[in-house]
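Examination of the molecular architecture
Now for the letters of each chain:
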Amino acid sequence: MKQKAIKRRLVKALLRPLLSWGRLNEPRDGFSIVVGTPWALRHLLEVNLRFLAATDLRQLEQIFVVFDRVRQPGAEQVISAMRSMFPQLPLRFLFQPAIAGRLVQLVDQSKFYAGLNWVTGLKHCRTRYAVLHDFDLYPVRPDIFVKIVEAMRDQKLHFSGVEFTHFDGLTDSDRLIGTWELGIDVQWIRANYRPIDCFHEVAEVNGRRVDLDGFASVQSRTPQRGLPADVQRDWFAHVTNLCSTYLRFSKGEPVGVAWRLPYLWYLESLVGCGRDIQQLATEMNAAPGAVLSIDDRAVDFQGTDPTCANVLRHELQQMETALFGAMRQPIRDYVDSFEAFLRTRVNAGSLEPDADSGSDMTSSTSN
């Protein structure tokens, strides 16, 4: 932990003079949404925006889509396609600032990519309130953003959100809110903190050294943080570790959270790319063991608990119902095939799990 803290302090020291934001003296009404977007997963941005478009956005001033790279070749085509597909959304597309972005790319750590995305978006916000919206989180209740913003406005909170984070041993009693769907008082944070203060940090929380996600250290310094009273976990589906899983798979490296891949393949099916979902189900049914060969890459699911299929089914049920009114039969077959694959190939002889088991696997961690 000490060595990690030293390395991070060094990178942050290099970033500090490169990042700034001014005070927000005359904030506009409404709220903003900041979507940190992995450039490598830009083909899935459509899925996220489809779910955003179905929420209550009457008070929305702007959606900032912040890509985790400096400006890239092909950017105009991506931006034009999204604007054409979602003309009703007030989209603004941003890339990371040139020097800081190149430094972060050299460091090549997800925490720095995410941190620079967030502060880049908040720098451009013109509303007092903003919500950091995870790229791999899909709201299925239309009022989720409104509830977060109302909690901040009515209770005079500096931070709100949907869940307390349990990353690195944190508990509900620590009352640190996860960065996924994190509501922030932009006027307050830009008046009192620098962008670099909002990056991840190894720090002490309630007497323990903890590896903190972005904004958690700042959160710990104000009591004005809390969750809306009525927001529940089933208001959204969340594919944690999506980006890291995709990047490792695309590079042919061992995938630590292999069970997220069927979720990734489902998302790709929603935008008409990737492998055919029915063909994937057939390959799962025919697999001789725990290894699936996908796109000339072997993925070993050995050690994947069969209850992961329960989590996949629950999350896809929510998404399918939100998009199509009910889970479509090909998707139902797909999840059934994945469950059978885990039970008969990966975990032959496993005991039948409780229907609610596996729920802890949905706990969100830093991507």
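Let me begin by describing the structure that accompanies this report.

Thresholds applied
Residues numbered from 1 in each chain as written. Predicted model: local features only at pLDDT ≥ 70, side-chain atom pairs only at ≥ 80, totals over all residues. Heavy atoms only, no water. Pairing = 2+ DSSP bridges. Helix = DSSP H or I, 4+ residues; strand = E, 2+ residues; numbered from the N terminus. Contact = heavy atoms within 4.5 Å. Axes fitted to C-alpha atoms, helices over the stretch in contact; angles between N-to-C directions. Buried < 20%, exposed > 50% of the residue type's maximum accessible area, 1.4 Å probe, protein only. Polar contact = N/O pair within 3.5 Å; in protein donor to acceptor, adjacent residues only side chain to side chain. Right-handed = clockwise from strand over helix to strand, strands pointing away. Parallel < 35°, antiparallel > 145°, perpendicular 65-115°, else oblique. Left-handed = near helix turned anticlockwise from the far one by under 90°. Nonpolar A, V, L, I, M, F, W, Y, C, P; charged D, E, K, R; others polar. Phe/Tyr/Trp six-rings, centres within 6.5 Å; stacked < 30°, edge-to-face > 60°. Lys NZ or Arg CZ within 6 Å of the ring centre and 35° of its normal. 1 Å grid on protein atoms, 1.4 Å probe; cavity = no way out; pocket = protein on both sides within 12 Å on 5 of 7 lines; lining within 4 Å. Points joined across faces, edges and corners; volume = space filled by probe spheres on them. Salt bridge = Lys/Arg side-chain N within 4 Å of Asp/Glu carboxyl O.

What follows is about the sheet that holds strand β6 (residues 159–160). In a beta sheet, neighbouring strands are held together by backbone hydrogen bonds and run either parallel or antiparallel to one another. Strand order across the open sheet formed by six strands is β3-β2-β1-β4-β7-β6, with mixed pairing between neighbours. In this open sheet, the two strands that pair with only one neighbour each are β3 (91–95) and β6. Here six bridges tie strand β1 (residues 28–37) to strand β4 (residues 127–133), and the two strands are oriented parallel to one another. In the sheet register, Ser32 faces β4, and the bridge partner there is Ala130. Sheet contacts for helix α2 (residues 45–53): β1, β2 (60–67), β3 and β4; angle to β1, the most-contacted strand, approximately 155 degrees.

Let us look at the side chain of Thr222. With respect to the helices and strands, the residue Thr222 is situated in the loop between α8 (216–219) and β10 (236–238). For Thr222, a relative accessible area of 5% corresponds to the buried category. Of note is the side chain of Thr222, whose polar atom sits 3.2 Å from the side chain of His158. Non-local contacts of Thr222, meaning those with residues more than four positions away in its chain, are made with His158, Phe159 and Trp188.

Most of β1 is tucked away: eight of the ten residues are buried. Two elements, β1 and β2, share seven bridges in a ladder whose sense is parallel. Pairing of Phe31 across the sheet is with Leu60, part of β2. Tracing the backbone out of β1, into α2 and back to the parallel element β2 gives a crossover that is right-handed.

Between two packed helices, what matters for the description is the angle formed by their axes and the separation of those axes. Interaxial distance between helix α11 (residues 277–286) and helix α13 (residues 329–346) falls to 9 Å at its minimum, and their mutual angle equals 20 degrees. Relative to α13, α11 is oriented roughly parallel. At the point where α11 passes α13, the crossing takes the left-handed sense. Here Ile277, Gln278, Leu280, Ala281, Met284, Asn285 and Ala286 of α11 lie close against α13, whose contacting residues are Pro330, Ile331, Asp333, Tyr334, Ser337, Phe338, Phe341 and Arg345. Partitioning the contact of α11 with α13 into residue classes produces ten nonpolar, three polar and two charged.

Of note in this structure, Arg175 is not a glycine but carries a positive phi near 60 degrees. Mapped onto the fold, Arg175 is located in the loop between β6 and β7 (182–185). The phi dihedral of Phe215 is positive, around 75 degrees, even though this residue is not glycine. Tracing the backbone through its elements, the reader meets Phe215 in the loop between β9 (208–212) and α8. The class for Phe215 is buried, based on a relative accessible area of 1%.

Moving on, we come to the pairing of strand β11 (residues 291–294). The alternating pattern of β11 places Leu292 and Ile294 on a buried face, while none of Val291 and Ser293, on the opposite face, is buried. With four bridges joining them, β11 and strand β12 (residues 297–300) adopt antiparallel strand pairing. Within the sheet, the bridge partner assigned to Leu292 lies in β12 and is Val299. Joining the antiparallel neighbours β11 and β12 is a turn of two residues, in which Asp295 adopts a positive phi near 50 degrees.

Tallied over the entire structure, the rule returns eleven aromatic pairs. Ring pairing ties together the aromatic residues Trp39, Phe67, Phe93 and Phe95, which thus form one cluster. For Arg328, the ring lying beneath its charged end belongs to Phe324, and the centroid distance is 4.0 Å.

Enumeration over the complete set of coordinates arrives at one cavity of 30 Å³ or more. When its volume is computed, the largest cavity comes out at roughly 30 Å³. Taken together, Thr165, Ile177, Gly178, Thr179, Asp213, Gly214, Ala216 and Gln219 make up the full set of residues lining the largest cavity.

Turning our attention to the pattern of salt bridges. In total, this model carries 20 salt bridges according to the counting rule given. Asp185 is the salt-bridge partner of Arg128, the closest N and O atoms lying 3.0 Å from each other. Taken together, the residues span a long stretch of sequence, with Arg128 in strand β4 and Asp185 in strand β7 at a distance of 57 residues. Close ionic contact of Arg313 with Asp336 constitutes a salt bridge, the shortest N to O distance being 3.0 Å. Of this pair, Arg313 sits in helix α12 (residues 308–324) while Asp336 sits in helix α13, and the two are 23 residues apart along the sequence.

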